[in-house]
There are 4 protein chains.
Amino acid sequence: MTRGWDLGGWALGDLLSTLFERKRAGDVTASGKPLPELCRALLTGQGEVSAMKRAAEVLLRYRQADAAEKAAFFRFLADEMDLDPAAVTLAAQAYADTPDARHLSALLAVAEPPRQELLRRLNQAPGGTAELVAMRVDLMAQAKAEPDLARVDLDFRHLFASWFNRGFLVLRRIGWESPANILEKIIAYEAVHEIHSWDDLRRRLEPPDRRCFAFFHPAMPDDPLIFVEVALTRGIPGAIGPLLAEDRRALSPSQVDTAVFYSISNCQAGLRGISFGNSLIKQVVDVLGREVAGLKTFVTLSPIPGLSRWMGTQDDAAKAMLAADPAKLDPEALRRMAAHYLLEAKAEDRQPLDPVARFHLGNGAEVHEIHAAADLSPKGRQQSCGAMVNYLYDPARVEQNHEAFATHQTVAAARGVKALTGPAKDRKEKGLKTNG
Amino acid sequence: MTRGWDLGGWALGDLLSTLFERKRAGDVTASGKPLPELCRALLTGQGEVSAMKRAAEVLLRYRQADAAEKAAFFRFLADEMDLDPAAVTLAAQAYADTPDARHLSALLAVAEPPRQELLRRLNQAPGGTAELVAMRVDLMAQAKAEPDLARVDLDFRHLFASWFNRGFLVLRRIGWESPANILEKIIAYEAVHEIHSWDDLRRRLEPPDRRCFAFFHPAMPDDPLIFVEVALTRGIPGAIGPLLAEDRRALSPSQVDTAVFYSISNCQAGLRGISFGNSLIKQVVDVLGREVAGLKTFVTLSPIPGLSRWMGTQDDAAKAMLAADPAKLDPEALRRMAAHYLLEAKAEDRQPLDPVARFHLGNGAEVHEIHAAADLSPKGRQQSCGAMVNYLYDPARVEQNHEAFATHQTVAAARGVKALTGPAKDRKEKGLKTNG
Amino acid sequence: MTRGWDLGGWALGDLLSTLFERKRAGDVTASGKPLPELCRALLTGQGEVSAMKRAAEVLLRYRQADAAEKAAFFRFLADEMDLDPAAVTLAAQAYADTPDARHLSALLAVAEPPRQELLRRLNQAPGGTAELVAMRVDLMAQAKAEPDLARVDLDFRHLFASWFNRGFLVLRRIGWESPANILEKIIAYEAVHEIHSWDDLRRRLEPPDRRCFAFFHPAMPDDPLIFVEVALTRGIPGAIGPLLAEDRRALSPSQVDTAVFYSISNCQAGLRGISFGNSLIKQVVDVLGREVAGLKTFVTLSPIPGLSRWMGTQDDAAKAMLAADPAKLDPEALRRMAAHYLLEAKAEDRQPLDPVARFHLGNGAEVHEIHAAADLSPKGRQQSCGAMVNYLYDPARVEQNHEAFATHQTVAAARGVKALTGPAKDRKEKGLKTNG
Amino acid sequence: MTRGWDLGGWALGDLLSTLFERKRAGDVTASGKPLPELCRALLTGQGEVSAMKRAAEVLLRYRQADAAEKAAFFRFLADEMDLDPAAVTLAAQAYADTPDARHLSALLAVAEPPRQELLRRLNQAPGGTAELVAMRVDLMAQAKAEPDLARVDLDFRHLFASWFNRGFLVLRRIGWESPANILEKIIAYEAVHEIHSWDDLRRRLEPPDRRCFAFFHPAMPDDPLIFVEVALTRGIPGAIGPLLAEDRRALSPSQVDTAVFYSISNCQAGLRGISFGNSLIKQVVDVLGREVAGLKTFVTLSPIPGLSRWMGTQDDAAKAMLAADPAKLDPEALRRMAAHYLLEAKAEDRQPLDPVARFHLGNGAEVHEIHAAADLSPKGRQQSCGAMVNYLYDPARVEQNHEAFATHQTVAAARGVKALTGPAKDRKEKGLKTNG
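Residues numbered from 1 in each chain as written. Chains lettered and ligands numbered in written order. Predicted model: local features only at pLDDT ≥ 70, side-chain atom pairs only at ≥ 80, totals over all residues. Heavy atoms only, no water.

Peer 1: Tell me about the UniProt feature "domain: Malonyl-CoA decarboxylase C-terminal" (unreviewed entry) in chain A, residues and numbers included.
Peer 2: Residue and element names in this part refer to chain A. Here the UniProt feature "domain: Malonyl-CoA decarboxylase C-terminal" (unreviewed entry) sits at residues 167-326 and 332-394. Secondary structure within residues 167-326 divides into 31% helix and 21% strand; the distance between the first and last C-alpha atoms comes to 44 Å. A helix fraction of 46% and a strand fraction of 17% characterise residues 332-394, whose end C-alpha atoms lie 26 Å from each other. (UniProt positions renumbered as here; feature names shortened; annotations may be inferred. Helix = DSSP H or I, 4+ residues; strand = E, 2+ residues; numbered from the N terminus.)

Right, dumping it as structure tokens:
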């Protein structure tokens, strides 16, 4: 009934710690010195006594900087804070000659761009981690104009991969009892099926047949990194509308047999390239399997975001379908088209063309079923003529699917889905003519 | 009265996460393959789907390994998992020729020993962080026999410095209401003034004039990294006995004006070289200053661990003092001796010879007062003829002290302490040797 | 930064407890027996082994009952579950004859209506407390039609006064980080200045110069009992509009000197007559005084809900003001009118006519200032011609004000407010009527 | 891994609340007035503004009072704070004449001793609940000398039964991660098998096959009310020694099939007569059944505290057994003796003579097996010649057992135990001669 109400001495220490750190942050006043000068001082400062303070000042100055100053700051990181290849060569040769700890240490010291140590020191400021993640968003934007800044991004990414190591992440259930300041981020970050209001959010969190889970990093406790929304259903659903309907009746846990992952959203643009989605799904499968006794099937209901674009590159019949009203398309024709796209359309890297397919197949899921007229929202019509797909996570096969996909790019699929590509192939030989 | 009793949905998610991870860990069964083979598989495995499982298996195998297997494993890390200096040279030259992101990326990839990535992947296993910290303890022991393993230790240390960045640590108050499984670690780790029993511990935590604070890392929530014990007093104490006496009367917060840091202990041998002690003291000064209104003075009551040893290298008078009963020594003579040692005895690196002095002076503290017959325990008699010292943390001067010390090795000291060295200097002319 | 993240074993036990109790509740199936029969069984059942289960069944049956069944149930409580005055008389005489524990015990047993014990047993069901509070809402509604049911209400009220004793309540800060399922209740229960949306709510909780505090009972952890909204300001505000404006700039804690209680709302209709409002304000004054260093003044900005109605009973000039546009009224005239109303208009019980005045003056506050055109919302115009009042909580005078008011109905007021009644008195001679 | 680390705004509010209340309590200074005078003022004080303060003063004065003052205070409660039977008679007759709410209210007002309202007001002081529980301990002691004080105890008990209603209690797991200030109470309160040290405690809490659960009241969050210690075993144990052995090997959850309740201890002498033990066991059975998949049997391993005393009242053979070494007794003879005692020896109230039997049989358990030489500690030897008993809680039969016992005092027992009484009876007819 009441849960966890005695934290003992913890609350006190933690609270004071919080106040302290906020105050520290609040104390900081920009000295007016330019960012590079502040960064050099932070990097050369001996002892860490004042490092937190100096780091906080750099971050404050950065926040207050305008676009030009930020661009100059990134140039500073790219140029002055780069490694010196000549020094690396020398140290590498010295280590080759005398492969001992002293020479290795010297080599490692010069073989890492100094900006990495700078970022580590900036991270000591209260709230530093979140600010560095935000800084990378700026950097990636700027790198579009100045591709050379990609060199700087390498170091952000390297450090983030280390800091956001799966071993440091915490899985949490998000519910209607979660703090509002976190829930508003769920609303903001939902990228697949938009959440229109707090009432809409509540419909996705509060009913007994709904779940939501997110990964957090302890240094950003109010900011989810990635979250997945789950519907518990009886049978595998073939359309998104009924799942999200305002007036649907919730099922009790004893009635459900299937967990449907209907939306997965990354929250932090600044963590692009740091993947944790596959861990999330695998872990949620495990958690739900324990919590809800009757669950037998774990499946997604996923968009096929690249289908329409790909169809636009196919024959006239495909293009004709693009022009038609998705609600009136021949379902079988669209399913064949989608099956062909998901199972056979590959990018240059031999991976599936569809990014969502790439993600789930890479995790070891298999294409289980394809549905026409499954998402008739404007976005669904536009990106996939209304088609959706179920990817199945079968714990017994996930690992071998994953290995086969990683090694041979084998796309695992249910027999019925594979069958859809047969006729399609035949017709393709005939020019891929579809129903008129 | 009741504190924090509604965690909302958190508790559930977190609990399940915990169960999940424990189970995962429990699932692991050693495959019987040798460690290097398992490590190679972990490192080359594509996708992270099964990485957690493989990492857990490596750690399980390591735990079960005997000393010879562990030594072989470290050799494997040192040799096979080292970087290739020739490849580094090549990549450095390529980057010098074409300083773009692609070439930098290639350089960074070969300039980092592969064992770093291996350690990052091992960290993904549940409880991995703590196991890697423990592994480094084994490594450091083995490196005494095989100094070349210091090359491996460089990478452990590099990663730990990044993972245990001050920005990721959490300050907590330790009290008598803290969990017993944490308190037993406080008993075990106390390194300065041994805690003899749970009753002894309670005397250091429960009274209203006692405090204890520790740093924790979120991935090791039950394991303090470093802690400091504090006595709130009226005036600056000159001996440890009365502070720890069983029958002393506690003061109320309204009676105290001084916070005495009388013990600071590092808890994790595996984090040697990763410093957070100065942050801890500075933050605790701040926290206490807010919590206890009347505090005006922040000071240590510290041992002088190297005094006796140093006195043994001095003149006959010094050696005579070593032989005498500390309780009967001429206090002034011992104080002069200690002042001389603390203010003037330097190591080769021009730092103070005394390790505790080095720590506090490096933090910006100053030598405030020296006391004879202040610690008459066997350890106190043996290491410093019973002498102790107060280092003063004056928030108004900490920063300038720190800078002066860092730049010029200037030892800040109260006038009275400096005066003690006057006569000492005279004696020095008469034969007292100095170091450095 | 991270707060209270180790609950140790608590979370587990508590969670299981929760699951257990929910399950228990879920297990219950209505047996189809009529409520009185179930109640009799619950009351006579020996041992408490199955009491929780029986209690849960009664509550389930009650929830499912229609209006007629509920009315019949209340009649059952009123008639069959009443005490027997003849038995009371006998037992009282026996106790008078032999005033020992046995006879007192016998007297107490018959002098309490059996429905009290029934309610205590119903409270053992999971969630029982909240259900009984809700049941009283039904009862009070029914008692309007059947005044005799007030006898039953006496017992609800008696038990609730005992259960919701101030010593069992917990004060909590409500913030934007509070659970959404609690925040939605704040939105629903706000009775003074309506909260229009989640954005509106956020404006009242998130800025650094806003606070909200509520009392909770541990058995209803998701349901606030009463809450107060506070604005931290510089100086005492004279109008509500600027306090709630969407585009206002928040002050930092270092800029504020005044805490303004601008809204107090009771949440539980079923707890009518159980007062905790005065405790709440006194405690929040204390909490804020500690947390925000510069606070010197604690004051309300309160509506004057009965002013218009009272003016309608006064002379023609007063009635003319009622008809005018509040934004254009002579401010001084309205302030005089309000001062007269607040200081001199009394009900039959010699208490102030205005219910809000009655509450704050009863708490020991004093009428500090009156403002015209202070609340130009439709409600403000309608109930008080736009006037509002500041009641001042001066910790140094609260107690004596309270005593004087309790004993002699003395209304404490600032000199300036008292002065306003001078001219008013003159006008009274010219025809202003008073009450009481 | 990390659990529940975001309390959002809660921690703050709760902390402040705590500080506030402690301060309030600290503020109190005894005015030097006698307790009765202070109580009268508390009772007649209008408004509750200063009630908390007055209540705190009474409790402070009480704590400081010596034995004579406390006795006088209890007399004051017994005499001046008693109800007036004449007033009750009058009010009862008035209500009989006019059975409306007004007259019932008047009757209820005089039919409750004023000390009940006094106790309710005292409870408003911070920590009041715990102090009243402690006060009752004094009262019960004093009532031994002055039996008339039992009249006062009636009111304490009445209020405590209401306040400590099962619906307000919280079940918690106690583990080695629980706060030390709670664990020390477990050590202190263990009443069945003494806990000798913190190491002993740890052996009962930390291994994966040990559990401990307690009930708490939210107003006494650091004070367990009752707790039960559980061993998870394979098969039903027949002796206490191996369960508590220092060097035993713990079982993993997958190996166990039985939960053994081997110790149940009430913690609060001041709550005597307020029962929650049966709820505790039933709830723990449910919790464990969910948490540990393989559990099939729920059983106690209980002392038979009254066996030796009862045997002393039996024939010579029984008395001879009392004199023998329990380790060398004929096990069958002792088992027969114990079976006879447990199944057939009844008190005047027709309940089992043995208090532990009375408790478990009253809960619906059944006598499952009896063991000789099962507790060879001095206490076990002394109270039951080393015999112990398993009471079985079979969820399928608990309810009907309970009903049969409550209605007909039927003692449920396993066939084997019943059989033991057969031969015993025969032999008893022959003089109850046992082996020599």
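Peer 1: Just give me the short version of the packing of helix α4 (residues 67-79) of chain D against helix α9 (residues 150-163) of chain D, but keep the residues and values in it.
Peer 2: Residue and element names in this part refer to chain D. Taken N-terminus to C-terminus, the directions of α4 and α9 make an angle of 80°; their axes are 8 Å apart at the nearest point. Classified by the angle between their axes, α4 and α9 sit roughly perpendicular to one another. Residues F74, R75, L77, A78 and D79 of α4 form the contact with α9, whose participating residues are R151, V152 and F156. When its residues are assigned to classes, the contact of α4 with α9 shows 5 nonpolar, no polar and 3 charged. (Axes fitted to C-alpha atoms, helices over the stretch in contact; angles between N-to-C directions. Parallel < 35°, antiparallel > 145°, perpendicular 65-115°, else oblique. Contact = heavy atoms within 4.5 Å. Nonpolar A, V, L, I, M, F, W, Y, C, P; charged D, E, K, R; others polar.)

Peer 1: Go over helix α16 (residues 331-344) of chain D, please, and point to the residues and values.
Peer 2: Residues and elements named next belong to chain D. Compared with an ideal rise of 1.5 Å per residue, which puts 14 residues at 20 Å, α16 spans 20 Å between its outermost C-alpha atoms and is within 8% of the ideal. Buried residues dominate α16, accounting for 11 of its 14 residues. Three or more residues of α16 are buried, namely A333, L334, R335, R336, M337, A338, A339, H340, Y341, L342 and L343. A side-chain oxygen of the first residue of α16 lies 3.1 Å from the backbone nitrogen of E332; this N-cap is D330. (Expected span 1.5 Å × (residues − 1). Buried < 20%, exposed > 50% of the residue type's maximum accessible area, 1.4 Å probe, protein only. Polar contact = N/O pair within 3.5 Å; in protein donor to acceptor, adjacent residues only side chain to side chain.)

Peer 1: Talk me through the domain arrangement of chain A; I want residue IDs and the actual numbers.
Peer 2: Residues and elements named next belong to chain A. Partitioning chain A into structural domains gives domain 1 (31-163) and domain 2 (168-429). Each of domain 1 and domain 2 was reduced to a C-alpha centroid, and the two centroids are 38 Å apart. In this assembly, 11 residues from domain 1 lie in contact with 11 residues from domain 2. Buried area between domain 1 and domain 2, summed over both chains or domains, comes out near 930 Å², and the portion from carbon and sulfur atoms is 66%. On the domain 1 side of the interface with domain 2, the three residues burying the most area are V133, M140 and W163, jointly 39% of the side's total. Here domain 1 is connected to domain 2 by 0 salt bridges. Applying the counting criterion to the domain 1 and domain 2 interface returns 3 residue pairs in polar contact (both at pLDDT 80 or more). Of all elements in the fold, only α8 (128-145) and α9 (150-163) reach the threshold of two or more residues within the side of domain 1 that touches domain 2. (Domains from an automatic or database assignment. Buried area = accessible area lost by both parts, 1.4 Å probe. Salt bridge = Lys/Arg side-chain N within 4 Å of Asp/Glu carboxyl O.)

Peer 1: Go over the pattern of salt bridges, please, and point to the residues and values.
Peer 2: Scanning all chains against the criterion turns up 143 salt bridges over all chains. Here R40(C) makes a salt bridge to E80(C), at a shortest N to O gap of 2.6 Å. Of this pair, R40(C) sits in helix α2 (residues 35-44) while E80(C) sits in the loop between α4 (67-79) and α5 (85-97), and the two are 40 residues apart along the sequence. A residue is classified by how much of its surface remains accessible, and E80(C), at 40% relative accessible area, is partly exposed. As a salt-bridge pair, R75(D) and D79(D) come within 3.1 Å of each other at their nearest N and O atoms. Highlighted residues: R75(D) and D79(D), both in helix α4, separated by 4 residues, approximately one helical turn.

Peer 1: Outline the packing of helix α3 (residues 51-64) of chain D against helix α8 (residues 128-145) of chain D, listing residues and values.
Peer 2: Residues and elements named next belong to chain D. One way to put it is that α3 packs onto α8 with a least axis distance of 11 Å and a crossing angle of 40°. For the element pair α3 and α8, the recorded crossing hand is left-handed. Contacts between α3 and α8 involve L59, Y62 and R63 from the first element and G128, E131, L132, M135 and D138 from the second. Looking at the contact of α3 with α8, its residues break down into 4 nonpolar, 1 polar and 3 charged. (Left-handed = near helix turned anticlockwise from the far one by under 90°.)

Peer 1: Residues and numbers for unusual backbone geometry, please.
Peer 2: For C385(B), which is not a glycine, the phi torsion comes out positive at approximately 50°. Note on C385(B): relative accessible area 2%, which makes it buried. In this structure, Q409(C) takes a positive phi of about 60° despite not being glycine. Residue placement: Q409(C) occurs in the loop between α19 (398-408) and α20 (415-429). Q409(C) gets classed as buried once you look at its relative accessible area, which sits at 16%.

Peer 1: Quick one: what's the story with the packing of aromatic side chains, residue by residue and with numbers?
Peer 2: For the structure shown, the criterion picks out 46 aromatic pairs over all chains. When the ring of Y62(C) is compared with that of F73(C), the centres are 5.6 Å apart and the planes differ by 55°; the resulting orientation is tilted. Taken together, the positions of Y62(C) in helix α3 (residues 51-64) and F73(C) in helix α4 put the pair 11 residues apart, joining distant regions of the chain. For Y62(C), a relative accessible area of 6% gives the class buried. Ring centres of F261(D) and Y393(D) lie 6.4 Å apart, and the angle between their planes is 65°; on these two criteria the pair is classed as edge-to-face. Here F261(D) is found in strand β4 (residues 258-266), whereas its partner Y393(D) is found in the loop between β8 (388-392) and α19 (398-408), with 132 residues between them in sequence. You'll find F261(D) and Y393(D) in the same group, each marked buried. Three or more aromatic residues joined by ring pairs make a cluster, and in this case those are F156(A), F160(A), W163(A), F164(A) and F168(B). The cationic tip of R172(B) hangs over the ring face of F216(B); the distance from NZ or CZ to the ring centre is 5.4 Å. (Phe/Tyr/Trp six-rings, centres within 6.5 Å; stacked < 30°, edge-to-face > 60°. Lys NZ or Arg CZ within 6 Å of the ring centre and 35° of its normal.)

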